[in-house]
Amino acid sequence: MISNRITYRTADGIRIPGTWRHVFIRNGDHFFLTELFIYADGLIDCWGLVTVAEFEEKLRTGWVATSFPEGGEASADELAEWKFREPRSWRTPALLVAEVRDTIDQLNGRPDSTDRCLAAVDVFLADRTEENRPRPAPHS
């Protein structure tokens, strides 16, 4: 997710690395295309800094939008306005929060969900016992 979208913020004189992706923020009946900033310390900026738990609440309430109504109005700041026609989305709230969690792991040099899955498969392939069999992660 990080690719070349590098950013940072400064907190208490410390530079905190981050990255960003586009999202839609729903404010009233209008959708705004904007940047979602994700930082190594686990804070996310979606028109205000929030924790991962608070970000999940923003997704649950639709403030950070992952679905869009037919005919819904949207804009990109001082660039364009449009209405949604046959909108499709490739991210559910669960997928977006998983992406954010993986990004925080990547920013900290920790294994993300793909790395952890591949490591579990490697353990099983090295010793094919039932206790080493990878188990699906519980769904949230």
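Just above, that's the structure.
No experiment lies behind these values; they were computed from the predicted model shown.

Visitor: Summarise the packing of helix H1 (residues 52–61) against helix H2 (residues 93–107); cite the residues concerned and give the values.
Guide: The N-to-C vectors of H1 and H2 enclose an angle of 155°; their axes lie 10 Å apart at closest approach. As far as their axial angle goes, H2 and H1 are roughly antiparallel. In this structure, the crossing between H1 and H2 has a hand that is right-handed. Across from Val52, Phe55, Glu56 and Leu59 in H1, the residues of H2 making contact are Pro93, Leu96, Val97, Val100, Arg101 and Ile104. A per-class count over the contact of H1 with H2 returns 8 nonpolar, no polar and 2 charged.

Visitor: Quick rundown of the nonpolar core? Include the residues and the values.
Guide: Formed by 19 residues in total, the largest nonpolar core has its most connected members in Leu36, Ile44, Cys46, Phe55, Val64 and Val100. At the level of elements, strand E2 (14–27), strand E3 (30–39), H1 and H2 are the ones that each hand at least two residues to this core. Ranked by residue count, the leading element in this core is H2, at 5 residues. Apart from residues no more than four positions distant in its own chain, Val64 is found in contact with Val23, Phe24, Ile25, Cys46, Phe55, Lys58, Leu59 and Leu96.

Visitor: If you had to explain the layout of surface pockets to someone new, which residues and values would you point to?
Guide: Looking at the second largest pocket, its volume works out to about 240 Å³. Forming the boundary of the second largest pocket are 15 residues, of which Arg21, Phe24, Ala65, Phe68 and Ser89 lie nearest the centre. The set of elements that each furnish at least two residues to the lining of the second largest pocket consists of E2 and strand E6 (64–65). Among the elements that take part in the lining of the second largest pocket, E2 stands out by supplying 4 residues, more than any other. Class assignment of the residues belonging to the lining of the second largest pocket gives a composition of 9 nonpolar, 3 polar and 3 charged.

Cut-off values and rules
Residues numbered from 1 in each chain as written. Predicted model: local features only at pLDDT ≥ 70, side-chain atom pairs only at ≥ 80, totals over all residues. Heavy atoms only, no water. Axes fitted to C-alpha atoms, helices over the stretch in contact; angles between N-to-C directions. Helix = DSSP H or I, 4+ residues; strand = E, 2+ residues; numbered from the N terminus. Parallel < 35°, antiparallel > 145°, perpendicular 65-115°, else oblique. Left-handed = near helix turned anticlockwise from the far one by under 90°. Contact = heavy atoms within 4.5 Å. Nonpolar A, V, L, I, M, F, W, Y, C, P; charged D, E, K, R; others polar. Core = buried A, V, L, I, M, F, W, Y, C linked by side-chain atoms within 4.5 Å. Buried < 20%, exposed > 50% of the residue type's maximum accessible area, 1.4 Å probe, protein only. 1 Å grid on protein atoms, 1.4 Å probe; cavity = no way out; pocket = protein on both sides within 12 Å on 5 of 7 lines; lining within 4 Å. Points joined across faces, edges and corners; volume = space filled by probe spheres on them.

Honestly, it's all geometry; don't read function into it.
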